[in-house]
Amino acid sequence: MKESREEAIKRLHQSASKLEARTKTEKFVDAAAQKVVSQAYRIIAELIGGVLIGLGVGFGIDYLFDTAPAGVLGGVLMGFALSIYMARRTANRLMAEAKAAGIPQQGEPIVEADEENRER
């Protein structure tokens, strides 16, 4: 049974529309995944950067005032506290953006395969 030319064109158009819709969805998912990864790297950079800046300030204080380990220890602790503050501020901002966009805040608990068997 042969299909007419119009039916073949209609079927081809439907296939192309389905492919286009699927491609747009994949691009959207890829862009969202890249945004999440960049935000995670930003938080990691804030954590590491704060400690390194504190370490540098501590070395500077030790050099200027000749307070051997006290400046480094204090600087690292202050840098760590600053980095935690900055990472928390970034995380709060990201959660506020997600809430404004209507993304649900509740996540599903991660259950490993061997945990399922232990509960029974």
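Residues numbered from 1 in each chain as written. Predicted model: local features only at pLDDT ≥ 70, side-chain atom pairs only at ≥ 80, totals over all residues. Heavy atoms only, no water.

## Observations regarding the overall build of the protein
The condition is simple: Strands here are runs of E lasting at least two residues and helices are runs of H or I lasting at least four, both read from the DSSP assignment and numbered beginning at the N terminus. The contact definition used throughout considers only heavy atoms, calling two residues in contact when any of these lie within 4.5 Å. Residue-level accessible areas treat just the shown protein chains as cover; the underlying method is Shrake-Rupley with a 1.4 Å probe.
The helix and strand inventory of the protein stands at 3 helices and 0 strands. Each helix (α) and strand (β) of the protein, taken in turn from the N terminus, gives the series α-α-α. Counting contacts in the protein only where the partners sit at least 6 residues apart, residues at least 24 apart contribute 50% of the total. In the form shown here, the protein has an accessible surface area of approximately 10500 Å², with 64% of it arising from carbon and sulfur atoms.

## Notes on the environment of Ala68
By the secondary structure assignment, Ala68 is in helix α2 (residues 68-100). For the pair Ala68 and Gly58, spaced 10 residues apart in the sequence, the C-alpha separation amounts to 9.5 Å.

## Examining the confidence of the model for the protein
Our working rule: Per-residue confidence from the predictor is reported as pLDDT, a score between 0 and 100.
Summing up the model confidence of the protein, the mean pLDDT is 85 and the portion of residues at 70 or higher is 86%. Mean pLDDT values for the elements of the protein range from 59 in helix α3 (residues 113-119) up to 93 in α2.

## Details of the pattern of salt bridges
Spelled out, the test is: For salt bridges, the criterion is a side-chain nitrogen of Lys or Arg within 4 Å of an Asp or Glu carboxyl oxygen.
For the structure shown, the criterion picks out 2 salt bridges. Among the ionic pairs, Arg42 bridges to Glu46, the shortest N-O distance being 3.3 Å. Taken together, the positions of Arg42 and Glu46, both in helix α1 (residues 5-65) and 4 residues apart, correspond to about one turn of that helix. In this structure, Glu97 engages Arg93 in a salt bridge whose closest nitrogen and oxygen atoms are separated by 2.9 Å. On the criterion of helical spacing, the pair formed by Glu97 and Arg93 is a turn pair, its members being 4 residues apart in helix α2.

## Focus on α1
Structurally, the α-helix is built with 3.6 residues per turn, so residues lying three or four positions apart point the same way. Here is the rule: The span expected for a helix works out to 1.5 Å for each residue beyond the first. Any residue under 20% of the maximum accessible area for its type is buried, any over 50% is exposed, and the rest in between are partly exposed; the area is computed with a 1.4 Å probe on protein chains only.
With 61 residues, α1 should reach 90 Å at 1.5 Å per residue; the first-to-last C-alpha distance of 89 Å fits that figure. For α1, the complete set of buried residues consists of Gln39, Glu46, Gly50, Gly54, Gly58 and Asp62. On its buried side, α1 packs onto α2. Positioned one or two residues after α1, Asp66 has a phi angle of 55°, which is positive.

## Quick look at the side chain of Glu46
Glu46 sits in the buried class, given a relative accessible area of 9%. Dropping the residues within four chain positions of it, Glu46 is found in contact with Ser83, Met86, Ala87 and Thr90.

## A short note on a nonpolar patch on the surface
What counts is decided by this rule: Only residues whose relative accessible area exceeds 30% and that take part in no salt bridge are eligible for patches, with like-charged residues grouped when within 9 Å of each other and nonpolar side chains (Val, Leu, Ile, Met, Phe, Trp, Tyr) grouped when within 5 Å.
Together, Val37, Tyr41, Ile44, Leu47, Ile48, Leu52, Phe80 and Ile84 give the surface a local cluster of nonpolar side chains, amounting to about 760 Å² of exposed area. Put simply, the parts of the chain that give the nonpolar patch at least two residues each are α1 and α2. Note on placement: Tyr41 falls in helix α1. Classification of Tyr41 by relative accessible area gives exposed; the value is 56%.

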